[in-house]
Amino acid sequence: MSVIAAFYGGKSILITGATGFLGKVLMEKLFRTSPDLKVIYILVRPKAGQTLQQRVFQILNSKLFEKVKEVCPNVHEKIRAIYADLSQNDFAISKEDMQELLSCTNIIFHCAATVRFDDTLRHAVQLNVTATRQLLLMASQMPKLEAFIHISTAYSNCNLKHIDEVIYPCPVEPKKIIDSLEWLDDAIIEEIAPKLIRDWPNIYTYTKALGEMVVQQESRNLNIAIIRPSIVGATWQEPFPGWVDNINGPNGLIIAAGKGFLRALKATPKAVADLIPVDTVVNLMLAVGWYTAVHRPKSTLVYHSTSGNLNPCNWHKMGVQVLATFEKIPLERAFRRPYANFTSNNFTSQYWNAVSHQAPAIIYDCYLRLTGRKPRMTKVMNQILRTASMLEYFLNRSWEWSTYNTEMLMSELSPEDQRVFNFDVRQLNWLEYIENYVLGVKKYLLKEDMAGIPEAKQHLKRLRNIHYLFNTALFLIVWRLLIARSQMARNVWFFIVSFCYKFLSYFRASSTLKV
Ligand SMILES: CCCCCCCCCCCCCCCCCCCCCC(=O)SCCNC(=O)CCNC(=O)[C@H](O)C(C)(C)COP(=O)(O)OP(=O)(O)OC[C@H]1O[C@@H](n2cnc3c(N)ncnc32)[C@H](O)[C@@H]1OP(=O)(O)O
Ligand SMILES: NC(=O)C1=CN([C@@H]2O[C@H](COP(=O)(O)OP(=O)(O)OC[C@H]3O[C@@H](n4cnc5c(N)ncnc54)[C@H](OP(=O)(O)O)[C@@H]3O)[C@@H](O)[C@H]2O)C=CC1
């Protein structure tokens, strides 16, 4: 019997960010392994014209929750969606709901955040810093609370090269920033933002670092732990391999590569690709929740959920495997044949951008105009290049994350818990994982039918023929122009032609002699 699964039995668990990528997998695993838990409270806002109930219904009826419905048929009754907007005062939670949360909650998993790299400083601070402070304040009024698990990111200190499992101070106190945002207007905030974030690459990582500091400063006598995942990828094993549902991180780039839009990236091929499967992160979260509540460590422990130091993969290896999978299982209606060129050189990268990305988009848009349609490829391409440039910082550096606490926790688990809540990334086979990941992107994100694979392969063959034809035509045109204008080119041309002629004559003569 799993000790961790038993621990969550009968518990009331509060999850923020439950409608997000990590939150959904966390809920799924909780319901599947501890179907006798009392209730999961989720803080949700209405979105995209959907009410809270519609959002919950959609999640519970998704493929991800198929197994849950078998082991926990009354899952609908065990989930309680509470209206909340984390960017509002008191999260805009009603008095009755607040009362219930304060009096019943046993464990908190704080996953909600804005993960956009280009968010405004005001909004990112509201979500990633102020809301964390507010939640800690709520937690301090919960008499039954056993553990508060805060989800940060391994990149919250990416301005350092070696990162230990400790909370690092930020140059400016979070409280000062929160206070000043109250009276500064938006234009001034955006002006001072670059000065505040200093050597952090974006507002997201900076505000996540501030969030950790808030956790340290406002922890009071709560049992708190911080988990820092690196780049969270598709599921490795549970509930099934390859599940993914948003275009963040690698997902958007994998699609862009598979559709043939993105054929070159400014990335250091040997840099560590620190991906971590989402189910591995969730297993660690649940183990940390149990350990923090039961063992009550004296200080706030930080746990790194990373792969680089235990089982490293690099961007080159990842790119090769992504392409190999697209050979076998291509995406439908690709724009060009998938190809991956990684370069860390500025000049080469700009060259590939012009030749491999912008030029084909312009040519295709001309074709659309000529055929009376609205041009759109240049816009799509610019969007992809903007995303790729935002991720460049992470594709050209490697970090070392120590994992003492994570390894210590692993050794504390019973063999059964090590199996059920496996977060040992050393067992991960990258080639198999990446293949399932790419397949998952096709099936669960793009919702493409596997029956369409033969047609997708045919389409790629047609694209290859168009590519050869286009290149041959281009070569002939350029050559013709060169011959017309340059004596040197003409000489080279006559040399090649006479060489070929002599070679053929010799070949003909020698074959006649043999006869
Ligand atoms: C050479 C080929 C290669 C081949 C091989 C390839 C091998 C693999 C290589 C892998 C390399 C991996 C590198 C990862 C590094 C990650 C490091 C993370 C480190 C920190 C990790 C963390 O700690 S934390 C999570 C990280 N945080 C994000 O990763 C958010 C980032 N991102 C944004 O910050 C914004 O994205 C940004 C970019 C501002 C644009 O912003 P933006 O405004 O320009 O664009 P949007 O994002 O709004 O969306 C654009 C359009 O996608 C539509 N769309 C949205 N969702 C959709 C959905 N689910 N399904 C369908 N479509 C969807 C949307 O509706 C828009 O469509 P439309 O334009 O038509 O409206
Ligand atoms: N994905 C990754 O690669 C990594 C993620 N992390 C961390 O993991 C956590 C979860 O990330 P992930 O699941 O990927 O992110 P998602 O963007 O998928 O989910 C974010 C969640 O936060 C919720 N949220 C955002 N704003 C509000 C708001 N104003 N009120 C209520 N809820 C809100 C979202 O709700 P809604 O559905 O309504 O938008 C959603 O449920 C974050 O803390 C992130 O920093 C860390 C490292 C890597």
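Reading the values: the criteria
Residues numbered from 1 in each chain as written. Chains lettered and ligands numbered in written order. Predicted model: local features only at pLDDT ≥ 70, side-chain atom pairs only at ≥ 80, totals over all residues. Heavy atoms only, no water. UniProt positions renumbered as here; feature names shortened; annotations may be inferred. Helix = DSSP H or I, 4+ residues; strand = E, 2+ residues; numbered from the N terminus. Buried < 20%, exposed > 50% of the residue type's maximum accessible area, 1.4 Å probe, protein only. Contact = heavy atoms within 4.5 Å. Areas by Shrake-Rupley, 256 points an atom, 1.4 Å probe, with all protein chains shown as cover. Lys, Arg positive; Asp, Glu negative; His and termini not counted. Charge placed at Lys NZ, Arg CZ, Asp CG, Glu CD. 1 Å grid on protein atoms, 1.4 Å probe; cavity = no way out; pocket = protein on both sides within 12 Å on 5 of 7 lines; lining within 4 Å. Points joined across faces, edges and corners; volume = space filled by probe spheres on them. Nonpolar A, V, L, I, M, F, W, Y, C, P; charged D, E, K, R; others polar. Polar contact = N/O pair within 3.5 Å; in protein donor to acceptor, adjacent residues only side chain to side chain. Near = heavy atom within 4 Å. Core = buried A, V, L, I, M, F, W, Y, C linked by side-chain atoms within 4.5 Å. Expected span 1.5 Å × (residues − 1). Pairing = 2+ DSSP bridges. Domains from an automatic or database assignment. Phe/Tyr/Trp six-rings, centres within 6.5 Å; stacked < 30°, edge-to-face > 60°. Lys NZ or Arg CZ within 6 Å of the ring centre and 35° of its normal.

As named in an unreviewed UniProt entry, the protein is Fatty acyl-CoA reductase, taken from Theropithecus gelada. Quoted verbatim from the Sequence similarities (unreviewed entry) field of UniProt, the annotation for the protein is "Belongs to the fatty acyl-CoA reductase family."

Novice: Please clarify how the overall build of the protein should be interpreted in this entry.
Specialist: Helix and strand counts for the protein stand at 20 helices and 13 strands. For the protein, the C-alpha atoms occupy an extent of roughly 100 × 55 × 50 Å along the three principal directions. Scored against the burial criterion, the 515 residues of the protein give a buried share of 52%. Summarising the internal contacts of the protein: among those between residues at least 6 apart in sequence, 84% fall at separations of at least 24. Accessible surface computed for the protein: about 25200 Å², of which carbon and sulfur atoms make up 58%. Charged side chains of the protein number 59 positive and 44 negative; the gap between the two group centres comes to 12 Å.

Novice: Please clarify how the layout of surface pockets should be interpreted in this entry.
Specialist: Rolled over the atoms, a probe as big as a water molecule pinpoints where empty space is left. One number sums up the size of the second largest pocket: a volume of about 810 Å³. Lining the second largest pocket are 26 residues, with Arg-336, Pro-360, Ile-466, His-467 and Phe-470 sitting closest to its centre. Elements with a contribution of two residues or more to the lining of the second largest pocket: helix H14 (346-370) and helix H19 (453-485). In the lining of the second largest pocket, the residues fall into 16 nonpolar, four polar and six charged.

Novice: In this structure, what is going on with the UniProt feature "domain: Fatty acyl-CoA reductase C-terminal" (unreviewed entry) in the protein? I would like to understand it.
Specialist: Under the feature "domain: Fatty acyl-CoA reductase C-terminal" (unreviewed entry), the UniProt entry names residues 357-448. The span residues 357-448 carries 70% helix and 2% strand; its end-to-end C-alpha distance comes to 25 Å.

Novice: Please clarify how the side chain of Ser-156 should be interpreted in this entry.
Specialist: Inspection of the secondary structure puts Ser-156 in the loop between strand S5 (147-151) and strand S6 (162-163). Under the relative-accessibility criterion, Ser-156 is labelled buried at 0%. Within the local environment of Ser-156, its side chain forms a polar contact with the backbone oxygen of Thr-153, the two atoms lying 3.0 Å apart.

Novice: Help me understand the site of ligand 2 in this model?
Specialist: Taken together, 27 residues surround ligand 2, and among them Thr-19, Arg-45, Arg-55, Tyr-204 and Lys-208 come closest. Phe-21 places a main-chain nitrogen or oxygen 3.0 Å from an oxygen atom of ligand 2. Between an oxygen atom of ligand 2 and a side-chain N or O atom of Arg-45, the distance comes to 2.8 Å. Within the complex, 90% of the 880 Å² of free accessible area of ligand 2 lies under protein. Secondary-structure elements contributing two or more residues to the shell around ligand 2 are helix H2 (21-33) and helix H10 (203-217). Residue composition of the shell around ligand 2, grouped by class: 14 nonpolar, eight polar and five charged.

Novice: Whenever I open this one, the site of ligand 1 confuses me. Can you help?
Specialist: Arg-116, Phe-117, Tyr-204, Gly-249 and Gln-383 are the nearest of the 32 residues found near ligand 1. For ligand 1, an oxygen atom lies 2.7 Å from a polar atom in the side chain of Tyr-204. A distance of 2.6 Å separates an oxygen atom of ligand 1 from a polar atom in the side chain of Gln-383. Protein burial of ligand 1: of its 1500 Å² of free accessible surface, 73% is covered by the chains. Here the shell around ligand 1 takes seven residues from helix H15 (residues 377-395), the largest share from any one element. Of the residues in the shell around ligand 1, the class split is 20 nonpolar, seven polar and five charged.

Novice: Explain the nonpolar core here, please?
Specialist: In this structure, Ile-15, Ile-42, Phe-109, Met-285 and Leu-409 are the most contacted members of the largest nonpolar core, which totals 108 residues. The element that contributes the greatest number of residues to this core is helix H12 (residues 278-295), accounting for 11 residues. Judged by nonpolar contacts, the second largest core, of 49 residues, contains Ala-131, Leu-136, Tyr-206 and Val-214.

Novice: In this structure, what is going on with H10? I would like to understand it.
Specialist: Along an α-helix, residues three or four positions apart point the same way, because every turn accommodates 3.6 residues. An ideal rise of 1.5 Å per residue puts 21 Å on 15 residues; H10 measures up with 21 Å between its terminal C-alpha atoms. Counting buried residues along H10, 13 of its 15 residues qualify, which places the element largely inside the surrounding structure. The residue sitting at the N-terminus of H10 and contributing the capping side-chain oxygen is Asn-202; that oxygen lies 3.3 Å from the backbone nitrogen of Tyr-204.

Novice: How should unusual backbone geometry be read in this particular structure?
Specialist: Leaving glycine out, the prevailing phi sign among residues is negative, and the prevailing peptide bond configuration is trans. Residue Glu-238 is joined to Pro-239 through a cis peptide bond whose omega torsion reads -5 degrees. With respect to the helices and strands, Pro-239 occurs in the loop between strand S8 (231-233) and helix H11 (250-258). At Ala-48, a position not held by glycine, the phi torsion is positive, near 45 degrees. Inspection of the secondary structure assignment puts Ala-48 in the loop between strand S2 (39-44) and helix H3 (52-60).

Novice: What exactly am I supposed to notice about the pairing of strand S11 (residues 301-305) here?
Specialist: Most of S11 is tucked away, with five of its five residues classed as buried. Because side chains alternate across S11, one face comprises the buried residues Leu-301, Tyr-303 and Ser-305, and the other comprises Val-302 and His-304, equally buried. Relative to S11, strand S7 (residues 224-229) runs parallel, the two being bridged by five bridges. Bridge pairing links Ile-226 to Val-302 in S11.

Novice: I tried to follow the domain arrangement of the protein on my own but got confused; where do I start?
Specialist: Note: interface size is frequently given as the accessible area lost on complex formation between the parts. Assigned domains of the protein: these are domain 1 (3-241 + 273-311 + 399-430) and domain 2 (456-514). Centre-to-centre separation of domain 1 and domain 2, based on C-alpha positions: 61 Å.

Novice: Sorry if this is basic, but what is going on with the packing of aromatic side chains here?
Specialist: Between two aromatic rings, the relevant description is the distance of the centres plus the angle of the planes. Counted by the stated rule, this structure contains 24 aromatic pairs. A centroid spacing of 5.1 Å and a plane angle of 85 degrees characterise the contact between Tyr-155 and Phe-394, whose relative ring orientation is edge-to-face. Taken together, the residues span a long stretch of sequence, with Tyr-155 in the loop between S5 and S6 and Phe-394 in helix H15 at a distance of 239 residues. What makes Tyr-155 buried here is its relative accessible area of 6%. Residue Phe-394 is classed as buried on the basis of its relative accessible area of 8%. Centroid distance Tyr-433 to Tyr-437: 5.7 Å. Interplanar angle 65 degrees. Geometry classified as edge-to-face. Of the two residues, Tyr-433 and Tyr-437 both sit in helix H18 (residues 430-445), four residues apart, roughly one turn of that helix. The class of Tyr-437 is buried, set by a relative accessible area of 2%. An aromatic cluster is built from Phe-117, Tyr-155, Tyr-204, Tyr-393, Phe-394, Trp-399 and Trp-401, whose rings are joined through pairwise contacts. Sitting above the plane of the Phe-7 ring, Lys-11 keeps its charged end 4.4 Å from the centroid.

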